[in-house]
Amino acid sequence: MRALKLHELSLADRLADMAVDALIDEADLSPKPALVDRRGNGAHRDLHLRLMHASALSLWPMFKEMAEAAIEFGEVGLPLREALGRIGRDGEQAMLATTGGVNTHRGAIWALGLLTASAALAPRAITLTAARLALLNDRYAPQPLSHGAQVEQRYGARGAREEAQLGFPAVTQRGLPQLHKSRRQNAGEQNARLDALLAIMTELADTCVLYRAGTEGLQTMQHGAQAVLDAGGSATLAGRRRLHELDNQLLALNASPGGAADLLAACLFIDRLDGAL
Ligand SMILES: CC(C)(COP(=O)(O)OP(=O)(O)OC[C@H]1O[C@@H](n2cnc3c(N)ncnc32)[C@H](O)[C@@H]1O)[C@@H](O)C(=O)NCCC(=O)NCCS
Ligand SMILES: Nc1ncnc2c1ncn2[C@@H]1O[C@H](COP(=O)(O)OP(=O)(O)OP(=O)(O)O)[C@@H](O)[C@H]1O
């Protein structure tokens, strides 16, 4: 029993490490269009790279607690869903205390939280398990008029919740295949990750972009990301030129693809986990 406990604790530690690493890799990746990266703040006035790092680190105990809850409950069900909801809300408070009230990682807490718990429960069926959890209704979740909720009312876009309930198609059908493809083409790891982000952006209904820049912003993001990939991706000169253009266009529209960034972190988390299995 004792040995089993030790083993379980170390699994939760490792999953929390991987989730935080994925967030730090996402933040550091450059040049991302209109997002916080090593170059600067993108379209954000209240975010910067060190804040993203501090925020990511502040979430480590939360991810660990989510993995432990999954191990303890041992199955998908309302008790686990509601435990994750409580842990996620506490994690959000820790994030806000660290950042002085700035929302650095709300979307990431949702996506990576579900995936961390799912990795602890069913490491070979992570996105399916995450979807099953996301479909359960947490009775204790407050229903604030969030940016996502406002965008849903205005445009009908369902955003982060639906993406999870569908099993993260932007990650499994766009991001991960592109990551693997660009690696096979020897694009280099940073370019492969940029290409994965762009692939996610081609179809995502990113509620951050919709809230800030409406359908014009969303179309600019989707078409511009596709244009970079069509030009040969981030590793090519033509692709780099298109990426630079997309950055300028999104900055002019104040349209930051924060949802796509969160899903890139989810993509890097699953990729890392696949490598560790
Ligand atoms: C489900 C969530 C994301 C609801 O968000 P809502 O749609 O109301 O929008 P909100 O503006 O608060 O945040 C959305 C965030 O999701 C990200 N996002 C935006 N669009 C998308 C998209 N299409 N797909 C994925 N993520 C997206 C962005 O980073 C954005 O910041 C979340 O805030 C929530 O309700 N959490 C409940 C707490 C909980 O249960 N936590 C436990 C998780 S295991
Ligand atoms: N590298 C990154 N740069 C910018 N945003 C990111 C990055 N990585 C993830 N995000 C996500 O983008 C979201 C921030 O977007 P946004 O600033 O539109 O949120 P908000 O606080 O809801 O809005 P606002 O700042 O307009 O009040 C965060 O929730 C975070 O999940």
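Look up: the structure comes first, before these words.
As a starting point, this report considers the structure included with it. Position numbers for residues start from 1 in each chain and track the written sequence from start to end. Starting at A for chains and at 1 for ligands, labels are handed out in the order in which the entities are written. Totals for whole chains, interfaces and linings use all residues, but because this is a predicted model, local features are given only for residues with pLDDT of at least 70 and pairs of side-chain atoms are given and counted only at 80 or more. Derived side-chain values reflect all non-hydrogen atoms in the structure, with water molecules and hydrogen atoms excluded from consideration.

1. A closer look at the packing of helix H10 (residues 189–201) against helix H11 (residues 207–230)
Then step 1. A fitted line through C-alpha atoms represents every axis, and for helices the fit uses only the stretch in contact; the resulting angles, taken between N-to-C directions, go from 0 to 180 degrees. Comment: elements are numbered from the N terminus, with helices defined as DSSP H or I runs of at least four residues and strands as E runs of at least two. In the contact formed by H10 and H11, the axes pass within 8 Å of each other and the chain directions differ by 140 degrees. When the axes of H10 and H11 are compared, the pair comes out oblique. The handedness of the crossing between H10 and H11 comes out as left-handed. Residues Asp195, Leu198, Ala199 and Met201 of H10 touch H11, and the partners they reach there are Met221, Gln222, Ala225, Val228 and Leu229.
Then step 2. Lys, Arg, Asp and Glu make up the charged group, whereas Ala, Val, Leu, Ile, Met, Phe, Trp, Tyr, Cys and Pro make up the nonpolar group; the residues left over, Gly among them, are polar. Of the residues belonging to the contact of H10 with H11, the class tally is seven nonpolar, one polar and one charged. Roughly parallel covers angles under 35 degrees, roughly antiparallel covers those over 145, roughly perpendicular covers 65 to 115, and oblique covers all other angles. Left-handed describes a crossing whose near helix is turned anticlockwise from the far helix by less than a right angle; the clockwise case is right-handed. Two residues qualify as a contact provided that any one of their heavy atoms is within 4.5 Å of a heavy atom in the partner residue.

2. Describing the site of ligand 2
Then step 1. Being near a molecule or strand, for a residue, comes down to having at least one heavy atom within 4 Å of it. Residues in contact with ligand 2 amount to 20 residues; listed here are only the nearest, Glu26, Val36, Thr104, His147 and Asp262.
Then step 2. For this analysis, a polar contact is any N or O atom pair within 3.5 Å, provided that within protein one partner can donate a hydrogen and the other can accept it, and provided that sequence-adjacent residues contribute only side-chain to side-chain pairs. In this structure, Asn103 approaches ligand 2 through a side-chain N or O atom, which is 3.2 Å from an oxygen atom.
Then step 3. One of the side-chain N or O atoms of Asp262 is found 2.8 Å from an oxygen atom in ligand 2.
Then step 4. Bound to the protein, ligand 2 loses 86% of the 630 Å² it would expose on its own.
Then step 5. Going through the elements one at a time, helix H5 (106–121), H11 and helix H13 (258–276) are the ones with two or more residues in the shell around ligand 2. Note on areas: Shrake-Rupley with a 1.4 Å probe; residue coverage comes only from the protein chains shown.

3. Some details on the side chain of Asp206
Then step 1. Locating Asp206 in the fold gives a position in the loop between H10 and H11.
Then step 2. For the buried Asp206, which has no salt bridge, the nearest side chain bearing the opposite charge is Arg212, at an N-O separation of 8.4 Å.
Then step 3. Here Cys208 takes part through its backbone nitrogen, which lies 2.9 Å from a polar atom of the side chain of Asp206.
Then step 4. The residues contacting Asp206, other than those within four sequence positions of it, are Leu218, Met221, Pro257, Gly258, Gly259 and Ala260. Buried, partly exposed and exposed residues are distinguished by accessible area as a fraction of the type maximum, computed with a 1.4 Å probe on protein chains only: under 20%, between the cut-offs, and over 50%, respectively. The charge count treats Lys and Arg as positive and Asp and Glu as negative. His and the chain ends do not count. Within this document, salt bridges are pairs made up of a side-chain nitrogen of Lys or Arg and a carboxyl oxygen of Asp or Glu, the two lying within 4 Å of each other.

4. Quick notes on the pattern of salt bridges
Then step 1. Across all of its chains, the model carries 21 salt bridges by this definition.
Then step 2. With a closest N to O distance of 2.7 Å, Asp25 and Arg272 form a salt bridge. One end of the pair, Asp25, is in helix H1 (residues 2–28); the other, Arg272, is in helix H13, and 247 residues separate them in sequence.
Then step 3. Residue Asp25 is classed as buried on the basis of its relative accessible area, which comes to 19%.
Then step 4. When its relative accessible area of 28% is taken as the criterion, Arg272 is described as partly exposed.
Then step 5. Among the ionic pairs, Arg38 bridges to Asp28, the shortest N-O distance being 3.6 Å. Here Arg38, found in the loop between H1 and helix H2 (49–58), pairs with Asp28, found in helix H1; they are 10 residues apart in sequence, far enough to count as distant.
Then step 6. Judged by its relative accessible area of 60%, Arg38 falls in the exposed class.
Then step 7. A single salt-bridge network, built from bridges that share partners, covers Asp25, Arg183, Glu189, Arg193, Asp271 and Arg272.

5. What to know about the layout of surface pockets
Then step 1. Here a cavity denotes grid points, spaced 1 Å and computed from the protein atoms alone, that fit a 1.4 Å probe unable to get out, and a pocket denotes an open set having protein on both sides within 12 Å along at least 5 of 7 lines; residues with an atom within 4 Å of a point are the lining. Grid points are joined across faces, edges and corners, and a volume is the space filled by probe spheres set on the points. Estimated volume of the second largest pocket: approximately 160 Å³.
Then step 2. If you trace the second largest pocket, you find 13 residues lining it, with Gln178, Gln185, Leu229, Gly232 and Gly233 closest to the centre.
Then step 3. Counting only elements with at least two residues in the lining of the second largest pocket, the list comes to helix H9 (169–184) and H11.
Then step 4. By residue class, the composition of the lining of the second largest pocket is three nonpolar, seven polar and three charged.

6. A closer look at the site of ligand 1
Then step 1. With respect to spatial proximity, 26 residues lie near ligand 1, and among them Ser146, Gly148, Ala205, Thr207 and Asp262 are the closest.
Then step 2. Between Arg81 and ligand 1, the recorded distance is 3.1 Å, taken from a side-chain N or O atom to an oxygen atom.
Then step 3. Measuring from an oxygen atom of ligand 1, one finds a side-chain N or O atom of Asp262 at 2.3 Å.
Then step 4. Protein burial of ligand 1: of its 900 Å² of free accessible surface, 88% is covered by the chains.
Then step 5. Residue assignment for the shell around ligand 1 shows that the elements contributing at least two residues are helix H4 (78–99), H5, helix H7 (147–155), helix H8 (159–165), H11 and H13.
Then step 6. At five residues, H5 tops the list of elements feeding residues into the shell around ligand 1.

7. Here's the deal with unusual backbone geometry
A negative phi holds for most residues other than glycine; trans holds for most peptide bonds.
Then step 1. Geometrically, the link from Ser30 to Pro31 is a cis peptide bond, its omega value of -5 degrees lying close to zero.
Then step 2. Topologically, Pro31 is positioned in the loop between H1 and H2.
Then step 3. Even without being a glycine, Phe168 presents a positive backbone phi close to 55 degrees.
Then step 4. Mapped onto the secondary structure, Phe168 falls in the loop between H8 and H9.
Then step 5. Judged by its relative accessible area of 1%, Phe168 is buried.
Then step 6. Positive phi values are uncommon outside glycine, yet Asn186 reaches one of about 55 degrees.
Then step 7. Overall, Asn186 belongs to the exposed group, its relative accessible area being 68%.

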